[in-house]
Number of protein chains: 4
Amino acid sequence: MTPPDEDTKRRTLWEGRLASPMSERVRSYTSSLDVDLRLLPDDIEASLAHAAMLHDVGLLDGDASQAIASGLQRILAECDAGAFAVSPDDEDVHSAVERRLHELVGEPALRLHTGRSRNDQVATDIRLYTRRTVAALLDGIDSLLSTLQRVAEQHEHTAMPGYTHLQRAQPVTLSRHLLAYAAMLQRDAARFGDALRRADELPLGAGALAGSTLPLDPANVARRLGFSRVAANSMDAVSDRDVVAEVVFACALLMVHCSRMCEDFVLWCSAEFGFMSPGDAQATGSSLMPQKKNPDVAELGRGRAARVIADCVTALTMLKGLPLTYDRDLQEDKRALFDALDVSADTVGVLAEFIDTARFNAGRMRAAASDPLLLATDVAEHLVRGGVPFREAHRIVAEMVRRVEAEQRSLTDVSEAEWEAVAPGAASGITGLFDLDAALRRRGM
Amino acid sequence: MTPPDEDTKRRTLWEGRLASPMSERVRSYTSSLDVDLRLLPDDIEASLAHAAMLHDVGLLDGDASQAIASGLQRILAECDAGAFAVSPDDEDVHSAVERRLHELVGEPALRLHTGRSRNDQVATDIRLYTRRTVAALLDGIDSLLSTLQRVAEQHEHTAMPGYTHLQRAQPVTLSRHLLAYAAMLQRDAARFGDALRRADELPLGAGALAGSTLPLDPANVARRLGFSRVAANSMDAVSDRDVVAEVVFACALLMVHCSRMCEDFVLWCSAEFGFMSPGDAQATGSSLMPQKKNPDVAELGRGRAARVIADCVTALTMLKGLPLTYDRDLQEDKRALFDALDVSADTVGVLAEFIDTARFNAGRMRAAASDPLLLATDVAEHLVRGGVPFREAHRIVAEMVRRVEAEQRSLTDVSEAEWEAVAPGAASGITGLFDLDAALRRRGM
Amino acid sequence: MTPPDEDTKRRTLWEGRLASPMSERVRSYTSSLDVDLRLLPDDIEASLAHAAMLHDVGLLDGDASQAIASGLQRILAECDAGAFAVSPDDEDVHSAVERRLHELVGEPALRLHTGRSRNDQVATDIRLYTRRTVAALLDGIDSLLSTLQRVAEQHEHTAMPGYTHLQRAQPVTLSRHLLAYAAMLQRDAARFGDALRRADELPLGAGALAGSTLPLDPANVARRLGFSRVAANSMDAVSDRDVVAEVVFACALLMVHCSRMCEDFVLWCSAEFGFMSPGDAQATGSSLMPQKKNPDVAELGRGRAARVIADCVTALTMLKGLPLTYDRDLQEDKRALFDALDVSADTVGVLAEFIDTARFNAGRMRAAASDPLLLATDVAEHLVRGGVPFREAHRIVAEMVRRVEAEQRSLTDVSEAEWEAVAPGAASGITGLFDLDAALRRRGM
Amino acid sequence: MTPPDEDTKRRTLWEGRLASPMSERVRSYTSSLDVDLRLLPDDIEASLAHAAMLHDVGLLDGDASQAIASGLQRILAECDAGAFAVSPDDEDVHSAVERRLHELVGEPALRLHTGRSRNDQVATDIRLYTRRTVAALLDGIDSLLSTLQRVAEQHEHTAMPGYTHLQRAQPVTLSRHLLAYAAMLQRDAARFGDALRRADELPLGAGALAGSTLPLDPANVARRLGFSRVAANSMDAVSDRDVVAEVVFACALLMVHCSRMCEDFVLWCSAEFGFMSPGDAQATGSSLMPQKKNPDVAELGRGRAARVIADCVTALTMLKGLPLTYDRDLQEDKRALFDALDVSADTVGVLAEFIDTARFNAGRMRAAASDPLLLATDVAEHLVRGGVPFREAHRIVAEMVRRVEAEQRSLTDVSEAEWEAVAPGAASGITGLFDLDAALRRRGM
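Rules used in this analysis
Residues numbered from 1 in each chain as written. Chains lettered and ligands numbered in written order. Predicted model: local features only at pLDDT ≥ 70, side-chain atom pairs only at ≥ 80, totals over all residues. Heavy atoms only, no water. Least-squares fit on C-alpha atoms with pLDDT ≥ 70 in both. Contact = heavy atoms within 4.5 Å. Salt bridge = Lys/Arg side-chain N within 4 Å of Asp/Glu carboxyl O. Polar contact = N/O pair within 3.5 Å; in protein donor to acceptor, adjacent residues only side chain to side chain. Helix = DSSP H or I, 4+ residues; strand = E, 2+ residues; numbered from the N terminus. Axes fitted to C-alpha atoms, helices over the stretch in contact; angles between N-to-C directions. Parallel < 35°, antiparallel > 145°, perpendicular 65-115°, else oblique. Left-handed = near helix turned anticlockwise from the far one by under 90°. Buried area = accessible area lost by both parts, 1.4 Å probe. Expected span 1.5 Å × (residues − 1). pLDDT = per-residue confidence, 0-100. Buried < 20%, exposed > 50% of the residue type's maximum accessible area, 1.4 Å probe, protein only. Phe/Tyr/Trp six-rings, centres within 6.5 Å; stacked < 30°, edge-to-face > 60°.

**Here's the deal with the relation of the copies chain D and chain C**
Line of reasoning, step 1. The transform that puts chain D on chain C rotates by 180° and translates by 0.0 Å along the axis, for an RMSD of 0.0 Å. These values place the two chain copies in the arrangement generated by a two-fold rotation axis.
Line of reasoning, step 2. Most of the interface of chain D is mirrored in chain C, where 100% of its interface residues again form contacts.

Right under this line is the structure:
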């Protein structure tokens, strides 16, 4: 048996096959290390389980198994300490780890890749990364939900206009408005949960695409890594990136929800609305205009939704039309996945702080909600209770609105007699409808 | 009370408020009828439940309720018979139904819109439409799964090359390859199921955005329409289009899976691969070249994935940055939803037929799989069983591959002595590895 | 020579090659007629030129040429009259025309497809369609530009706040604001012009992909159709869809510009801004809320930008990774192209009307622009003229803004002495800066 | 006048306005420095011109002007030497430069920002960056064009099958095929040129949005920076990102073209096609399968097209629906722009090397092109020359193809008598058509 010579560690994982080393330009174009180095903890977690299984089935003796495990733990420690050094020859995180392991423990390192391929390895790493990163994101979503709920409780009775078409529509409470975002976020959280559940199966064991001729025990690895089951089809296992597409989409929809919240905040922070003011530590100024206090956080939250939507496009478009099984195009999955999860986590985190520290101007909100036109529907529904068909009631009130607008009067200026004239027998009590708090109570707010 | 005059039926739902009728250009730009007419059965189903609830809570007397129900049933019958005539004045499916109902039953029609808005109405219609249409799509996916499984059973032992990087990698069976698509489709089906479950709540009752001042009973309506629960937040209920985004994404990923299948089929149908031949009734020819027999179905399945990915972009981008609650931008949701579901259903249907009627050329596949290079990994793993570290075994075999390539020999031409020279003590039995069927059995195929 | 039998007209263009007719499901899935029928005038224009060339080079005698020309003219007339009837057997616009021509003129129709393929034919049709449709769109853009310029002239001195971050920043005029959109539209128009120039070459003559063995004269056809040159590479000519991608992108960016205009209009129409009010014939109401007057046109213009962005995704994603030359995926190009051009033309048309009929509330704008904070930069620049480094001047004014805000005073309440205290030697004249019209004049407005 | 105190350099550009420093989370969320640091040379180029103009118009005295210029040059030198150190307090490249300039030259640094805003500054930087980076990309495209043309010349007479629907269609030359890509790249280059021409106007002078009250001379700056004109509308100038969208789109279409080339190369490198083999230094191997030699470069080129398409989505979606003028969302433009240009430049560079070093297997190509079915069209066109209407000729040959296929014969086995039987009077000479080189010559290849 050839002993591992000194130069082994300088080789690519597949050297021997080709007559010349990779050109610098090609190495630079194909290397994924700057992106996938983030998978290092996951790669090591998977390798630890893989090595333990190899030992269990007799493909690795106790000494080699021991050496590999302690070497991998040491690499993880180096990584945690920020002391893991990549080599220019490392193609990706997998080869970097194997190279370093060989430096640390020698010959046993050459036995680790037994019965696996980078194809099933990276598919496993991605799932481990996604599992732990989504868990952190879900914590962030929970915090944002708590913030929304806390502020909503404080403003349970803060009246404000509800808008459709950005036109004042009917009075609502700030609580109702903020809890609408909470409802969106709860669906988002559930969506991530579904994606994780669907991805809860182990690709390792699929090898390059066709499993292995060695007596591996994937169920053993699944157990060690906390997967519920082993992927059923080896060719699917190495070419499947559904978990990437699905999680990136869930991030995109989460960011879309955040962008709607942000749009409302940008509006509310304007002089024209005046409903909200960011904390001084959460606002920014202008390099030119001394008076400016800008809600940049909300604008960036809105703008970054575009980026995560684009990450979703990357994931789907990259996959479209790829023949089975693994194609190198799949390398592009990680950049999109990492970006979508990063932006999402940062955004929910900063929005929680933005909301928590903002001042809501209940007076401005109440004044805006006090526009009697917002109760036009209440009048129409009052007429319905008096027996007028709704479509007629709507027309009666609409015409009255047009009339008072033309006469530069308010709806509250219309007397019961005037109402009676257009809605005979149904007008009694209309003039009493124009109380904002009563209007909210009529709607259960 | 003003009686409904003759002209009422020519009015928009909101006439009375504005001094002049809508300009033709604006009417044409804002009308959604050519798209949303497909919601008619759903709109009527929802209206029937709404009217029944209005009766139950005392807002509609028995006669009106009766008249409305029979009128709606008649409109549905007209629709089924292709006899429902739209009017140029109809803005959308909701106004078309109310207009027609008024023509049919008169005054009671003016009472139907009591306590609801088109905002909660269309949100409800979309869910009903999605529920029934996704159910049909799931049937189509099931049929495609059955076809795949049936053909896979026929080809359980049909050897073919498995590919990575479109390079022959290791031998697999056609069954394994086809069942990889089945695994994708099973995840797709589950994804639609999750989306439906998440959307299983009734928006009706949310009104325009703030509920109603009338004593409605949304739980009654939910029960009648088969929803598990009522939307918790009225402002969310009318602005939420998650079900659209999520279903369109599920369609996009389904189509991406189909596009991968299609890419494989296009390759297999080429003269170079020669693995597959479409049925004559499933192929097309050329207007110029008399010899052509083209797999257009597979190409279109691949190309249309682009369109459904774009539908997903429409849904997300349309929603991004919209303030609460309803904005007219939301109207664009339906075109994307309908297109994504149509393309998906058509594609899974036509692919089932395409696969079912295609001829798979087992001879060509087996010949391609018989390339001894596909068993290079088997040799390396054999060396591992003989104690060689895998990384060394890989290098030994890779160098042998390079050598035989240079000498224009085959791997099967290498004698045990030659192997022994490079892998001392581990070579015994290598030359016996090059049996295709045995290689498949070693992998459990 | 076999005479064209009775049944020829029922055949596909390529029948003879395959043993069985196309299945109904495949026909329905592959047919493009519902989309590409719009190319009929272009298809006929190209066929007329092609037939004339065939005559010129001696491949068509005078009688056949005559018959074909008059037959094609008649089909065009049928089309203009809405009387062109498609047959269920027509695969696409090309086969529909050839089928109908055969019905009208018999045997000569069988000679029209000489030396061409549907591949070069459709590439030509698309260019003709794009040329005439973009010309119409450019007229629409011109009209919108005229409207903007006319309204801008009316409001040359109408002061309003200019916004950054949706915060009031500095005073501008409505004219300046409206002409910013005009600048965008002018770039859009130039972009379409570039795309047309780049596409000004004739694909016809490229055949399926490799030209023809017949003595065709593509330059003759180019001259007749008004193309400047013939495509240089036949394989590129039939697989190139750059004109689609480029025009759809130009539409997407045009719509993005329109969406920004629309967003401003939606804001301006809100009660909070109150800067703009749509004409009654250009607004819509609510089915529930009698008081509503909504700017739906602006919302739809904004929302439909999402759709055209998605059309751009369709075009690019459909093309990505397609091998040369023609693949059926390319069929999806037309739906995206037509939709992008339709939406763009409709939107610029309706926006011109929307702007033309809207009322701009100069009083509300001026009041909002009169906030003295908008002149904080003027104060800082005044200090600069007095020798203060700008960064210091900025800080001095910013601190003053903070102070007056805390004291609930206005910047105009700050005396020259107070300014002198913080900016010794540079404060003279500051209190005179707070005149809105003078501030506009200082900026050349 | 307050002297710049020690702490000035720790401040944000706008400190003074707000009571508390920015929170760490907000700083991290809003900082763009990790992305926009690449603009440093452009920012300095623009600042040098701006400062020179300030001196020319008398807003900066000679000493200050001198100090600023030498300070900026020194920062540029630090940047070139990799020695420019960012501070955690720097918000973006603009504030980093101003901060460092202040460290280097003191008080004059506080005068540089006179009459400008980061809004017009970054718009200018982006144009300068784009101008120089696109110039480099155009050089890369030129090199790729040269490579294609050189290889095409070597293979002017190398026959290969041309494909439609990935079915062999007609014989072409490798030259014709490679030059089809060249045609695409030439359009790409022109497209970048158009974008640069359209962006050839200076935003600087627009200030935050409304110009300045100081006597600036933007034409002076334009001259110094090599812009042909000054932006006409200040509000457009600071909110316009057309150059980003247009250049990113041009990159996306370029990458789509590259992806089509890559797809062909992936096919050609397969064992089934066998037309092409990458250089050993341009190929990669497998970590598991010792025999593999993979064309990863081509796969990544194809996959990365997805990413640049997504960059185009980011640019358009980010801009959609933004009100005028500057909104912080615009910050996301740079990441998309930089990525699109980087990927494009890397891809054209690596593809030139990939093609240059690949081996084209003329023997395999010729063998594939020698399939007589590829000349079926030649037969049909021969019949046309004999007077048969093309549609009939097509049918006659198609039926013959079907017959010989059924009889497992070749088209070359069909005797003239057999042809005569189906095409009386037109068959003479058909059997002489089946010469590949002659067939190419008939098409001018």
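That covers the picture; the talk isn't over yet.
**Side note on the interface of chain D and chain C**
Line of reasoning, step 1. Listed as interface residues are 106 residues of chain D and, on the opposing side, 108 residues of chain C.
Line of reasoning, step 2. Where chain D meets chain C, there are 16 salt bridges.
Line of reasoning, step 3. With its nearest N and O atoms 2.7 Å apart, the salt bridge here joins D:Asp242 to C:Arg187.
Line of reasoning, step 4. Summed over the shared surface of chain D and chain C, the number is 52 residue pairs in polar contact (both at pLDDT 80 or more).
Line of reasoning, step 5. Mapped onto the side of chain D that touches chain C, the elements with two or more residues apiece are β1 (159–164), β2 (167–173), α7 (174–198), α9 (234–239), α10 (242–269), α11 (296–319), α14 (376–385) and α15 (390–406) of chain D.

**Re the packing of helix α6 (residues 118–154) of chain C against helix α10 (residues 242–269) of chain C**
All names here are of chain C.
Line of reasoning, step 1. Following both chains from N to C, one finds α6 and α10 inclined at 20°, their axes separated by 11 Å at the closest point. Taken together, α6 and α10 sit at an angle that is classed as roughly parallel. Two packed elements cross with a definite hand, and for α6 against α10 that hand is left-handed. Contacts from Ile-126, Arg-127, Thr-130, Val-134, Leu-137, Ile-141 and Leu-144 of α6 reach α10 at Val-243, Val-244, Val-247, Cys-251, Leu-254 and Met-261.

**Details of the relation of the copies chain B and chain A**
Line of reasoning, step 1. When chain B is brought onto chain A, the operation consists of a screw motion whose angular component is 180° and whose axial shift is 0.0 Å, with 0.0 Å RMSD remaining.
Line of reasoning, step 2. An overlap of 100% is found between the interface residues of chain B and their copies at the interface of chain A, pointing to a shared contact surface.

**Examining the interface of chain B and chain A**
Line of reasoning, step 1. On the chain A side, the residues contacting the 106 residues of chain B number 106 residues.
Line of reasoning, step 2. For the pair chain B and chain A, the two sides together bury roughly 9,500 Å², of which 57% comes from carbon and sulfur.
Line of reasoning, step 3. Here chain B is connected to chain A by 16 salt bridges.
Line of reasoning, step 4. Between A:Asp194 and B:Arg198 there is a salt bridge, with the nearest N and O atoms lying 2.7 Å from each other.
Line of reasoning, step 5. Counting across the chain B and chain A interface gives 52 residue pairs in polar contact (both at pLDDT 80 or more).
Line of reasoning, step 6. Every element with two or more residues in the side of chain B that touches chain A is listed here: β1 (159–164), β2 (167–173), α7 (174–198), α9 (234–239), α10 (242–269), α11 (296–319), α14 (376–385) and α15 (390–406) of chain B.
Line of reasoning, step 7. Looking at which element gives the most residues to the side of chain B that touches chain A, the answer is α10(B), with 13 residues.

**Comments concerning helix α6 (residues 118–154) of chain B**
Line of reasoning, step 1. A rise of 1.5 Å per residue sets the reference length of α6(B), with its 37 residues, at 54 Å; its end C-alpha atoms lie 53 Å apart and thus fit the reference within 8%.
Line of reasoning, step 2. Put simply, B:Ser117 is the residue that caps the front of α6(B), since its side-chain oxygen is 2.9 Å from the backbone nitrogen of B:Asn119.

**Quick notes on the confidence of the model for chain A**
Residue and element names in this part refer to chain A.
Line of reasoning, step 1. Per-residue confidence for chain A gives a mean pLDDT of 95; residues scoring 70 or more make up 98%.
Line of reasoning, step 2. In this model residues 1–10 is a low-confidence stretch, pLDDT under 50, and it forms 18 contacts with partners more than four residues away in sequence or in other chains.
Line of reasoning, step 3. The complex model carries a pTM of 0.97, and its ipTM stands at 0.96.

**Examining the side chain of D:Thr347**
Line of reasoning, step 1. Within the fold, D:Thr347 resides in helix α12 (residues 333–357).
Line of reasoning, step 2. For D:Thr347, the contacting residues outside a window of four places in its chain are A:Tyr29, D:Met255, D:Cys258 and D:Gly301.

**Some words on unusual backbone geometry**
Line of reasoning, step 1. Residues A:Leu324 and A:Thr325 are joined by a peptide bond in cis, for which omega reads 0°.
Line of reasoning, step 2. Along the chain, the position of A:Thr325 falls in the loop between α11 (296–319) and α12 (333–357).
Line of reasoning, step 3. Even without glycine at this site, D:Leu166 takes up a positive phi of about 55°.
Line of reasoning, step 4. Tracing the backbone through its elements, the reader meets D:Leu166 in the loop between β1 and β2.
Line of reasoning, step 5. The exposure class of D:Leu166 is buried, given its relative accessible area of 3%.

**Observations regarding the packing of aromatic side chains**
Line of reasoning, step 1. Tallied over the entire structure, the rule returns 30 aromatic pairs over all chains.
Line of reasoning, step 2. Pairing A:Tyr129 with A:Phe338 gives two aromatic rings, centres 4.6 Å apart and planes at 50°, and the pair type is tilted. One end of the pair, A:Tyr129, is in helix α6 (residues 118–154); the other, A:Phe338, is in helix α12, and 209 residues separate them in sequence. Side by side, A:Tyr129 and A:Phe338 carry an identical accessibility label, which is buried.
Line of reasoning, step 3. With a centroid separation of 5.7 Å and an interplanar angle of 55°, the aromatic rings of B:Phe265 and B:Trp268 are classed as tilted. Of this pair, B:Phe265 and B:Trp268 both sit in helix α10, three residues apart, roughly one helical turn.
Line of reasoning, step 4. Put simply, the rings of A:Tyr163, A:Tyr181, A:Phe265, A:Trp268, A:Phe273, A:Phe275 and A:Phe354 touch in pairs and so form one group of aromatic residues.

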